[in-house]
Amino acid sequence: MDIPKLDYLEQLEAESIYMMREVAAQFEKPALLFSGGKDSITLVHLAEKAFAPMKIPFPLVHIDTGHNFPEALHFRDQLAENRGTELIVRKVEDTIRTKNLAEPKGKFPSRNWLQTHTLLDTIEEFGFDACIGGARRDEEKARAKERFFSVRDEFGQWDPKLQRPELWNIYNGRISKGENVRAFPISNWTELDVWNYIRKENIQLPSIYFAHDRDVIEHEGQLIAASDFIRVDEQDTVVTKKVRYRTVGDMTCTAAVESAAGALDEVINEITASRISERGETRIDDKVTEAAMEDRKKGGYF
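Below: a short report on this structure. Note that the structure is predicted; figures quoted are calculated from it, not measured.

### Comments concerning the pattern of salt bridges
No. 1: Scanning the model with the defined rule gives 21 salt bridges in all.
No. 2: Residue lysine 200 is joined to glutamate 201 by a salt bridge in which the shortest nitrogen-to-oxygen separation is 3.2 Å.
No. 3: Overlapping salt bridges, with partners in common, bring together Glu13, Lys49, Lys200 and Glu201 in one network.

### Overview of the packing of aromatic side chains
No. 1: Under the counting rule described, the total for this entry stands at 10 aromatic pairs.
No. 2: The interplanar angle of 15° and the centroid separation of 5.4 Å between the aromatic rings of phenylalanine 126 and phenylalanine 128 together place this pair among those described as stacked.
No. 3: Judged by relative accessible area, which is 5%, phenylalanine 128 ranks as buried.
No. 4: Relative to tyrosine 197, the ring of tryptophan 189 has its centre 5.1 Å away and its plane inclined at 85°; by these criteria the two rings are edge-to-face. The residues tryptophan 189 and tyrosine 197 share a single accessibility class, namely buried.
No. 5: Through a chain of ring-to-ring contacts, three or more aromatic side chains come together here, namely Tyr18, Phe27, Phe148, Phe149 and Tyr171.
No. 6: Sitting above the plane of the phenylalanine 148 ring, arginine 137 keeps its charged end 5.1 Å from the centroid.

### Considerations on helix H7 (residues 264-273)
Since the α-helix advances by 3.6 residues per turn, residues separated by three or four positions end up pointing in the same direction.
No. 1: Along H7, the residues classified as buried are Val267, Ile268 and Ile271. Buried residues of H7, seen end-on, are gathered within an arc of 100° and therefore sit on one face of the element. H7 presents Asn269 and Ala273 as exposed residues on the side facing more than 90 degrees away from its buried surface.
No. 2: Residues of H7 that are buried make contact with helix H6 (191-201) and strand S9 (238-244).

### Details of the sheet that holds S9
No. 1: The strand order S7-S8-S10-S9 describes a closed barrel built from four strands, whose pairing is antiparallel. Taking each pair of neighbouring strands and ignoring which way they run, the sheet shows an average axis angle of 65°.
No. 2: Inspection of the sheet shows strand S8 (residues 222-225) paired to strand S10 (residues 255-258) by two bridges, in the antiparallel sense. Across the sheet, residue leucine 223 finds its bridge partner in S10, namely alanine 256.

### Describing the nonpolar core
No. 1: Among the nonpolar cores identified, the biggest contains 54 residues, and Met20, Leu32, Phe58, Phe69, Ile132, Phe149 and Trp195 are the most heavily contacted of them.
No. 2: Looking at this core element by element, the count peaks at seven residues for helix H2 (residues 38-51).
No. 3: In this structure, isoleucine 132 is in contact with Met20, Val23, Ala31, Leu32, Leu33, Leu43, Phe58, Ala183 and Pro185, ignoring residues within four places of it in sequence.
No. 4: Core analysis: the second largest hydrophobic core is formed by 12 residues, Leu33, Val61, Ile96 and Leu114 among them.

### Topic: unusual backbone geometry
No. 1: In this structure, the amide linkage connecting alanine 52 to the following residue, proline 53, adopts the cis form with an omega of 5°.
No. 2: Within the secondary structure, proline 53 is located in the loop between H2 and strand S2 (60-64).
No. 3: One non-glycine residue, asparagine 100, adopts positive backbone phi at about 55°.

Rules used in this analysis
- Residues numbered from 1 in each chain as written.
- Predicted model: local features only at pLDDT ≥ 70, side-chain atom pairs only at ≥ 80, totals over all residues.
- Heavy atoms only, no water.
- Salt bridge = Lys/Arg side-chain N within 4 Å of Asp/Glu carboxyl O.
- Phe/Tyr/Trp six-rings, centres within 6.5 Å; stacked < 30°, edge-to-face > 60°.
- Buried < 20%, exposed > 50% of the residue type's maximum accessible area, 1.4 Å probe, protein only.
- Lys NZ or Arg CZ within 6 Å of the ring centre and 35° of its normal.
- Helix = DSSP H or I, 4+ residues; strand = E, 2+ residues; numbered from the N terminus.
- Arc of directions from axis to C-beta.
- Contact = heavy atoms within 4.5 Å.
- Pairing = 2+ DSSP bridges.
- Axes fitted to C-alpha atoms, helices over the stretch in contact; angles between N-to-C directions.
- Core = buried A, V, L, I, M, F, W, Y, C linked by side-chain atoms within 4.5 Å.

This is the structure we're talking about:
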């Protein structure tokens, strides 16, 4: 009897579902970090498949900077409500107030660096011993260094030189008290893989991922949404352009791309033709230094 071979998307899906089940089996209190973006939405879909017909056996956790796109927040709330999944939201602005942290200054005052404080406080508050995230190795070179199970020490810090071997699909989730693991089930996926899987599985996304009219300013070749969160100077010109977003971060640090791709197949065609990674093209905060992402991760970032 011939055993049917899985196509590449089915292989990626099977690997990710296996990882989800490993997290549930090895850890006492895991959580899924959820932003309302395409990668975390894909994670929710995979988790539903992994544990059907049961509900997802862990909560969704969103670390809200207060600078999010309204479309992503609305989609986040609707998804949790429709699926009957617990949603935990903790706000960076509360952390800024209680810890007396300095608010970022400048034209694009991103709170991304401050998210780490809120995340670590949330992990401690609920006693999470593993956090599932949607990071992929193709996004950025620091993320390419991560294992599927990436251990953080008792201070939430990550050492890229102390990575555990992961041979023959065996994953070591043993941790000491106070340590935490970040698990990345879609590490081996690419941006195009995610989009092809979204098409295959008919996964719904926020409208922000498709072409729409938006008021933007052009800054150093990037299109930044005009909002109350950024400083619009006299020399800035606010224009309305048809744009979409490849990745959904904060409005202060995520650029749009000019596009007429209003349908899923059109978006996939554009991504196929692109030679620039999504973060390389659209994330302002990654351009602070060459090691910006790695520095944030060492300090406890997602």
